[in-house]
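In case you want the letters, here they are:
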Amino acid sequence: MKAQRVVVTGGAGFLGSHLCERLLAEGASVICMDNFLTGSPANVEHLMGRPRFRLIECDLTGFVHVPGQVDLVLHFASAASPTDYLRHPIATLKVGSIGTLHALGLAREKRARFLLASTSEVYGDPLEHPQRETYWGNVNPVGPRSVYDEAKRFAESLTTAYRNSHRVDTAIVRIFNTYGPRMRPHDGRAIPTFIRQAINGEPITVTGDGSQTRSICYVDDTVDGVLTLAASGFEGPVNIGNPSELTMVRLATIIRDLAGSSSPIAFVDRPVDDPAVRRPDTSLAYTRLGWRPEIDVTTGLRRTISWFERELLATDRPAS
Ligand code: NAD
C-alpha cells in the first residue's frame, strides 16, 4: 500500500490493532480512534511513541473530528463478540448506525476511501451453504443477536447510500470468524474460551452437541484481505474468511491437543439463534482481489495458543 494517512476506528481492538501495526509497517500514518468499550490502549501500547502513530480516545457516536488530510477510513469500531454485544446492545446499535454515519461523514469530508468492516453475521442462520455475497441472509430482527447483525446490515445499506448519493468511494468487507493474538481470554468467543480452558486444565465448554460448524481465519490473512480490498477500487461486498470448516467439537479437540492439555469436553446450552453452519465462498475475493487465506488451522492455532500461554503466565490471573 502506498504511503497514506489512515484512520482506523476501533483501532485499539483485536482486529484494529493488527491493522494499525501492519499499516505502520507498510509506511502509512495511522490515526487510531477508539472509546475502549471492548478494546484497550494496551493493544496498541507497542505502537505509542512512533512518529506516524496517533491514538485518539473518541466515541464515534459523538462529535468526530480529525485534523488534516485523510486518505482512507477503515471503520472497525463495534463490539464483535456475542458476550460483548449482548452486554452492550444499545451501544452496538448506535455505533453500527450513528457511528457508521459519522465515519462515512469523515470520509466524505476528506474525500477519502471508506471501508466498512461488516460480518458473516449479516447472513444470519444461513439457508444457503457456503455463503456467497449474493445471499441475502436469514436474520431474526427481534432476536438477541439482532443488535449486532441488524446494525451491520443497516451499516451496509448506509454505506451503499453514501456511495450512490454522495459519491463516496466505499468498500464493504464481510469478515468471517477471525482469531489470533490479542483476543481477550474472556471475550466469550469460542477460540479464546477453548484456549484459556485448555491451558488452565478446565473443562472445555462446547455449546449444544458441538455439531455446528464455523470456518476460522487467522488474523494475518484477514488483515491481508482487508488491506488488499482497501488498496483496490472494488466496492464489494466481499467475503474474507477461511473456507476450511470445522465442527465446534472438532475445534475443541484440536485446541486441546495443540495445547497439550487433558481437559475434558463439557457440553453446555447453545445460545438462541446460534447459526448451525458458517462457511464463506471466497471465490469473489480470489477473482477480484487475488486474495486467499494462506495460514492453515494448525499453524494459526499454534501461534495463538503460544500467545495466550505467554499472556496468562504474565498476568498470572484470568484476564477480562
Ligand atoms: P473488538 O471488540 O476487539 O474491537 C472493536 C473496537 O471498537 C474496540 O476497541 C472498541 O472499544 C471499539 N469501539 C466500540 N464502540 C465504539 C465507539 N462507539 N466509538 C469508538 N470505538 C468503539 O472486536 P474485533 O473482533 O476486533 O472486531 C472489529 C470489527 O471487525 C468489528 O466491527 C466487527 O464487527 C468486525 N468483525 C470481526 C470479526 C472477528 O472475527 N473478529 C468477524 C466479523 C466482523
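Looking at an unreviewed UniProt entry, the protein carries the name GDP-mannose 4,6-dehydratase, with the source organism given as Sphaerisporangium flaviroseum. Looking at the protein in UniProt, the text filed under Cofactor (unreviewed entry) is "NAD(+)".

## Quick look at the packing of aromatic side chains
Evaluation of the coordinates by the stated rule reveals five aromatic pairs. Aromatic side chains tyrosine 85 and tyrosine 148 sit 4.5 Å apart centroid to centroid with 5 degrees between the ring planes, which places their arrangement in the stacked category. One end of the pair, tyrosine 85, is in helix α2 (residues 82-87); the other, tyrosine 148, is in helix α4 (residues 146-166), and 63 residues separate them in sequence. With respect to class, tyrosine 85 is no different from tyrosine 148; both count as buried. Measuring from centroid to centroid gives 5.2 Å for tryptophan 307 and phenylalanine 308, while their planes differ by 80 degrees, and the two rings are edge-to-face. In terms of burial, tryptophan 307 and phenylalanine 308 fall into one category: buried. Following the ring pairs from residue to residue traces out a cluster consisting of Tyr123, Tyr135 and Phe176.

## Re unusual backbone geometry
For the bond from histidine 129 to proline 130, the omega torsion is -10 degrees, close enough to zero to count as cis. Tracing the backbone shows proline 130 in the loop between β5 (113-119) and α4. For the bond running from glycine 236 to proline 237, omega is 0 degrees, close enough to zero to count as cis. Unusually for a residue other than glycine, arginine 182 sits at a positive phi of about 80 degrees. By secondary structure assignment, the location of arginine 182 is in the loop between β7 (178-179) and α5 (190-200). The class for arginine 182 is buried, based on a relative accessible area of 15%.

## Focus on the domain arrangement of the protein
Parsing the protein into structural domains produces domain 1 (5-178 + 219-240) and domain 2 (179-214 + 244-278 + 295-313). For domain 1 versus domain 2, the separation of C-alpha centres amounts to 25 Å. The junction of domain 1 with domain 2 conceals about 2,100 Å² of combined surface from both sides, 45% of it contributed by carbon and sulfur atoms. The three residues of domain 1 that bury the most area against domain 2 are Phe14, His129 and Arg145, which together make up 25% of that side's buried surface. If you look at where domain 1 meets domain 2, you find four salt bridges. On inspection of domain 1 and its partner domain 2, the count reaches 13 residue pairs in polar contact (both at pLDDT 80 or more). Where the side of domain 1 that touches domain 2 is concerned, the elements lending two or more residues are α1 (14-25), α2 and α6 (219-231).

## Quick notes on the site of the ligand
Lining the immediate surroundings of the ligand are 28 residues, of which Leu15, Asp34, Thr38, Tyr148 and Lys152 lie closest. Note that an oxygen atom of the ligand is positioned 3.1 Å from one of the backbone N or O atoms of glycine 13. With respect to the ligand, the side chain of threonine 38 contributes an N or O atom lying 2.6 Å from an oxygen atom. Coverage of the ligand by the protein amounts to 97% of the 820 Å² it exposes when considered alone. Elements that contribute at least two residues to the shell around the ligand include exactly α1, β5 and α4. If one sorts the elements of the shell around the ligand by residue count, β5 sits on top with three residues. Class assignment of the residues belonging to the shell around the ligand gives a composition of 14 nonpolar, 10 polar and four charged.

## What about the pattern of salt bridges?
Scanning the model with the defined rule gives 16 salt bridges in all. Residue glutamate 21 pairs with arginine 182 through a salt bridge whose shortest N-O separation is 2.5 Å. One end of the pair, glutamate 21, is in helix α1; the other, arginine 182, is in the loop between β7 and α5, and 161 residues separate them in sequence. The partner of glutamate 121 in a salt bridge is arginine 145, and the shortest N-O contact between them spans 3.0 Å. One end of the pair, glutamate 121, is in the loop between β5 and α4; the other, arginine 145, is in the loop between β5 and α4, and 24 residues separate them in sequence. We note that glutamate 121, like arginine 145, is buried. Taken together, the salt bridges that share partners define one network made up of Asp84, Arg87 and Arg184.

Rules of the game
- Residues numbered from 1 in each chain as written.
- Predicted model: local features only at pLDDT ≥ 70, side-chain atom pairs only at ≥ 80, totals over all residues.
- Heavy atoms only, no water.
- UniProt positions renumbered as here; feature names shortened; annotations may be inferred.
- Phe/Tyr/Trp six-rings, centres within 6.5 Å; stacked < 30°, edge-to-face > 60°.
- Helix = DSSP H or I, 4+ residues; strand = E, 2+ residues; numbered from the N terminus.
- Buried < 20%, exposed > 50% of the residue type's maximum accessible area, 1.4 Å probe, protein only.
- Domains from an automatic or database assignment.
- Buried area = accessible area lost by both parts, 1.4 Å probe.
- Salt bridge = Lys/Arg side-chain N within 4 Å of Asp/Glu carboxyl O.
- Polar contact = N/O pair within 3.5 Å; in protein donor to acceptor, adjacent residues only side chain to side chain.
- Near = heavy atom within 4 Å.
- Areas by Shrake-Rupley, 256 points an atom, 1.4 Å probe, with all protein chains shown as cover.
- Nonpolar A, V, L, I, M, F, W, Y, C, P; charged D, E, K, R; others polar.

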